[in-house]
Amino acid sequence: MKQEEYRFSFKVYDSISELDTADADILNAAMDATKTAYAPYSNFQVGAAALLQNGKMVRGTNQENASYPVGICAERVLLSTASSLYPNEPIATMAVTYNNQNGKSNHPICPCGMCRQSLAEHESRTGQPIRIILGGREGKVHVIERASMLLPFSFSSEDMNLDLRQA
Ligand code: THU
């Protein structure tokens, strides 16, 4: 038997003002996007914005439903939008933030498990890592260099002996 280890490192900034302008712009775009969230059940509006490798910016927000499981997170709305408009275009950097009508927005939130699986597949289909910026309206900001680092031991097309990367 041998013990193995999974290491994960990320950057912590004290506030958005410590980010470089390009990253701050993406996080601000995500904050602006929260205005178009549809979250009448949770009152928790999530906004995501991403800069694609082709220079285009796309956004996504959470879209809830009276039948709760039908709701979809901001991250997967963004991934679907990006893939529909620009198929196989890598995402360079994605930011996620939120407005919380029940409390504060003063710490980073992290994509849920289902979104992590979707992010990992987007990375593998485009062959490029997605940098993730996570922050609230105020407080610390986390930057993770590769979204799939959030989902170790994930199931992927390779487990089915498929390689779906486009030439
Ligand atoms: N939500 C997101 O959109 N992204 C996350 O990273 C966490 C949670 C949404 C789902 C639901 O509409 C609301 O936030 C509360 O869970």
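Look up a bit, the structure's there.
Residues numbered from 1 in each chain as written. Predicted model: local features only at pLDDT ≥ 70, side-chain atom pairs only at ≥ 80, totals over all residues. Heavy atoms only, no water.

Undergrad: Whenever I open this one, the site of the ligand confuses me. Can you help?
TA: Every residue near the ligand is listed here: Ser42, Phe44, Val46, Asn62, Glu64, Cys73, Ala74, Glu75, Cys110 and Pro111. In this structure, Asn62 approaches the ligand through a side-chain N or O atom, which is 3.0 Å from an oxygen atom. Between an oxygen atom of the ligand and a side-chain N or O atom of Glu75, the distance comes to 2.6 Å. Contact with the protein chains removes 74% of the 370 Å² of surface that the ligand exposes when unbound. Looking at the shell around the ligand, the elements that each hand over two or more residues are β2 (44–52) and α2 (74–85). (Near = heavy atom within 4 Å. Polar contact = N/O pair within 3.5 Å; in protein donor to acceptor, adjacent residues only side chain to side chain. Areas by Shrake-Rupley, 256 points an atom, 1.4 Å probe, with all protein chains shown as cover. Helix = DSSP H or I, 4+ residues; strand = E, 2+ residues; numbered from the N terminus.)

Undergrad: What is the right way to read the packing of aromatic side chains from this model?
TA: To describe a pair of aromatic rings, you give the distance between the ring centres and the angle between the ring planes. Counting across every chain of the model gives three aromatic pairs. When the ring of Phe44 is compared with that of Tyr98, the centres are 5.1 Å apart and the planes differ by 20°; the resulting orientation is stacked. A residue pair is termed long-range when its members are at least 10 positions apart, and Phe44 in strand β2 and Tyr98 in strand β4 (residues 91–100) qualify at 54 residues. Relative accessible area serves as the criterion here: at 23%, Phe44 is assigned to the partly exposed category. (Phe/Tyr/Trp six-rings, centres within 6.5 Å; stacked < 30°, edge-to-face > 60°. Buried < 20%, exposed > 50% of the residue type's maximum accessible area, 1.4 Å probe, protein only.)

Undergrad: Looking at this model, I keep getting lost on helix α3 (residues 113–126). Mind explaining?
TA: Helical geometry note: an α-helix holds 3.6 residues per turn, so side chains three or four residues apart project in the same direction. For α3, with 14 residues, the first-to-last C-alpha span of 20 Å sits near the 20 Å given by 1.5 Å per residue. Inspection of α3 places Cys115, Leu119, Ala120, His122, Glu123 and Thr126 among the buried residues, and these make up the whole buried set. When α3 is viewed along its axis, its buried side chains cluster within an angular range of 160° and face the same direction. For α3, the elements touching its buried residues are α2, β4 and β5 (131–135). (Expected span 1.5 Å × (residues − 1). Arc of directions from axis to C-beta. Contact = heavy atoms within 4.5 Å.)

Undergrad: I'm lost on the side chain of Arg131 in this one. Help?
TA: Along the chain, the position of Arg131 falls in strand β5. Here Asp23 takes part through its side chain, which lies 2.8 Å from a polar atom of the side chain of Arg131. Residues in contact with Arg131, not counting those within four places in the same chain, are Asp23, Ala92, Thr93, Met94, Val143, Ile144 and Glu145.

Undergrad: Looking at this model, I keep getting lost on the pairing of β2. Mind explaining?
TA: Walk down a regular strand and you will see the side chains alternate between the two sheet faces. With seven of nine residues buried, β2 lies mostly within the body of the structure. Judged from the nine bridges that link them, β2 and β4 form a sheet pairing that is antiparallel. Residue pairing across strands places Ala50 opposite Met94, the latter belonging to β4. Across five bridges, β2 lies against strand β3 (residues 57–61) in antiparallel orientation. Across the sheet, the residue bridging to Gly47 is Thr61, located in β3. (Pairing = 2+ DSSP bridges.)

Undergrad: Help me understand the pattern of salt bridges in this model?
TA: Side chains that carry opposite charge are capable of pairing whenever their charged atoms lie near each other. The final tally for this structure, using the stated rule, is eight salt bridges. For Glu5, the salt bridge identified is with Arg7, shortest N-O distance 3.8 Å. With respect to burial, Glu5 and Arg7 carry one shared label: exposed. Residues Asp32 and Lys35 are paired through a salt bridge, measuring 2.5 Å at the closest nitrogen-oxygen approach. By relative accessible area, which is 31% here, Asp32 ends up partly exposed. On the basis of relative accessibility, which here comes to 67%, the residue Lys35 falls in the exposed class. In this structure, a network of salt bridges that share partners links the residues Lys11, Asp23, Arg131 and Glu145. (Salt bridge = Lys/Arg side-chain N within 4 Å of Asp/Glu carboxyl O.)

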